[in-house]
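# Understanding the architecture of this molecule
One letter stands for each residue in the lines below.
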Amino acid sequence: MSDLERTWPGGSQRRPSRSDTGWSVRAPLAAWLRYEGAASTGLRVLDVGCGSKPYYPFFAGAAEYVGVDVVESASADLVGPVEALPVDDDSFDVVLCTQVLEHVDDPAQAVRELQRMTKPGGRVLASTHGVQVFHPNPNDYWRWTQTGLQRLFDSNATWSSVDVQPGAGTAAGLAMLVARFVHLLAKRANVTAAARPVVAGLNAAAAALDARVPMLREPVPGALFANFHVTAVKAQ
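These notes cover the structure that comes with them. Since we're looking at a predicted model, the values are computed, not measured.

Cut-offs used in this document
- Residues numbered from 1 in each chain as written.
- Predicted model: local features only at pLDDT ≥ 70, side-chain atom pairs only at ≥ 80, totals over all residues.
- Heavy atoms only, no water.
- Phe/Tyr/Trp six-rings, centres within 6.5 Å; stacked < 30°, edge-to-face > 60°.
- Buried < 20%, exposed > 50% of the residue type's maximum accessible area, 1.4 Å probe, protein only.
- Lys NZ or Arg CZ within 6 Å of the ring centre and 35° of its normal.
- Helix = DSSP H or I, 4+ residues; strand = E, 2+ residues; numbered from the N terminus.
- Contact = heavy atoms within 4.5 Å.
- Expected span 1.5 Å × (residues − 1).
- Arc of directions from axis to C-beta.
- Pairing = 2+ DSSP bridges.
- Right-handed = clockwise from strand over helix to strand, strands pointing away.
- Axes fitted to C-alpha atoms, helices over the stretch in contact; angles between N-to-C directions.
- Parallel < 35°, antiparallel > 145°, perpendicular 65-115°, else oblique.
- Left-handed = near helix turned anticlockwise from the far one by under 90°.
- Nonpolar A, V, L, I, M, F, W, Y, C, P; charged D, E, K, R; others polar.

What follows is about the packing of aromatic side chains. Tallying each qualifying case throughout the model produces 7 aromatic pairs. A centroid spacing of 5.1 Å and a plane angle of 70 degrees characterise the contact between Y56 and Y65, whose relative ring orientation is edge-to-face. Among the residues examined, Y65 registers a relative accessible area of 11% and is labelled buried. By the ring-pair criterion, three or more aromatic residues cluster together here, those being W8, Y56, F59 and Y65. When the ring centre of F92 is taken as reference, the NZ or CZ atom of R44 above it lies at 4.2 Å.

Structure representation (structure tokens):
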């Protein structure tokens, strides 16, 4: 691990603890973006809804890494909503949009904007929830299925390819929901620390079960996925 990754803000998102109730979302997302970041050396990267830019260390080899958010902050280089960003057409090789689409007013327009800013042949890397507890930040509007996300991207922009994959399997999705409520009950009873080993055990057992049973990772009827990763490549 580099010094940058150790010291940069957002370590709990890059290296989530197994006792984190969001581990089933955060750990697969971090692994995916670490892989994508290694393929982005020398490219221009835009982080939409950047927050504290927690994934910047994965893309440290990029020629440029620009963060944009809906509110002004020390981390945001640009300010604007995802539906109308102050960015030129065809200007970035990689456009990140992690855990943002569930909060936007108009997901279809957001997808059009993500495509507009991406260079021909470049890729959009987006993640968003399948199932999740209500979490307004400041608003929380949308949840998707794998086919719903495919349609959202296919219907609102021209791509050479769109690939939608669950971040983790059905056991992880169920474990995440149970872990959330275990943590909530423990918090209300003022015994939050007691929930940590229970949450860690749930996450570990779910990951092992998903790895053992391939069908739990497939979008079959009855599947329950916590998060999806979308790779959309802009047509040349």
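What follows continues from the structure just given.
Our focus in this paragraph is the environment of V71. Structurally, V71 can be placed in the loop between strand 2 (64-69) and strand 3 (78-79). Taking C-alpha positions, V71 is 43 Å from R212, a pair spaced 141 residues apart along the chain. Once you skip the residues sitting within four places of it in the chain, V71 turns out to touch A76 and V79.

Turning to helix 7 (residues 192-212), a few remarks are in order. Under the 1.5 Å per step criterion, the end-to-end length of helix 7 is 31 Å for 21 residues, consistent within 8% with the ideal 30 Å. Among all positions of helix 7, only A195, V199, A200, N203, A206 and D210 are buried. When helix 7 is viewed along its axis, its buried side chains cluster within an angular range of 140 degrees and face the same direction. Away from its buried face by more than 90 degrees, helix 7 exposes P197 and R212. Of the surrounding secondary structure, the elements contacted by the buried residues of helix 7 are helix 3 (23-38) and helix 6 (170-188).

The next subject is the pairing of strand 5 (residues 118-129). Regular strands show a simple pattern: their side chains alternate between the two faces of the sheet. Across the 12 residues of strand 5, 9 count as buried, placing the element largely inside the fold. Alignment of strand 4 (residues 92-98) against strand 5, held across 6 bridges, turns out to be parallel. By the bridge assignment for strand 5, V94 is matched with R123. Following the backbone out of strand 4, through helix 4 (residues 107-117) and into the adjacent parallel strand 5, one traces a crossover that is right-handed.

Glancing now at the packing of helix 4 against helix 5 (residues 146-156). Remark: helix 4 packs on helix 5, axes separated minimally by 9 Å, with the N-to-C direction vectors making an angle of 60 degrees. As far as their axial angle goes, helix 5 and helix 4 are oblique. Crossing handedness for the pair helix 4 and helix 5: right-handed. Across from P107, A108, V111 and R112 in helix 4, the residues of helix 5 making contact are L152, F153 and N156. Grouping the constituent residues of the contact of helix 4 with helix 5 by class yields 5 nonpolar, 1 polar and 1 charged.

Without other data, these values stay purely geometric and don't point to any function.
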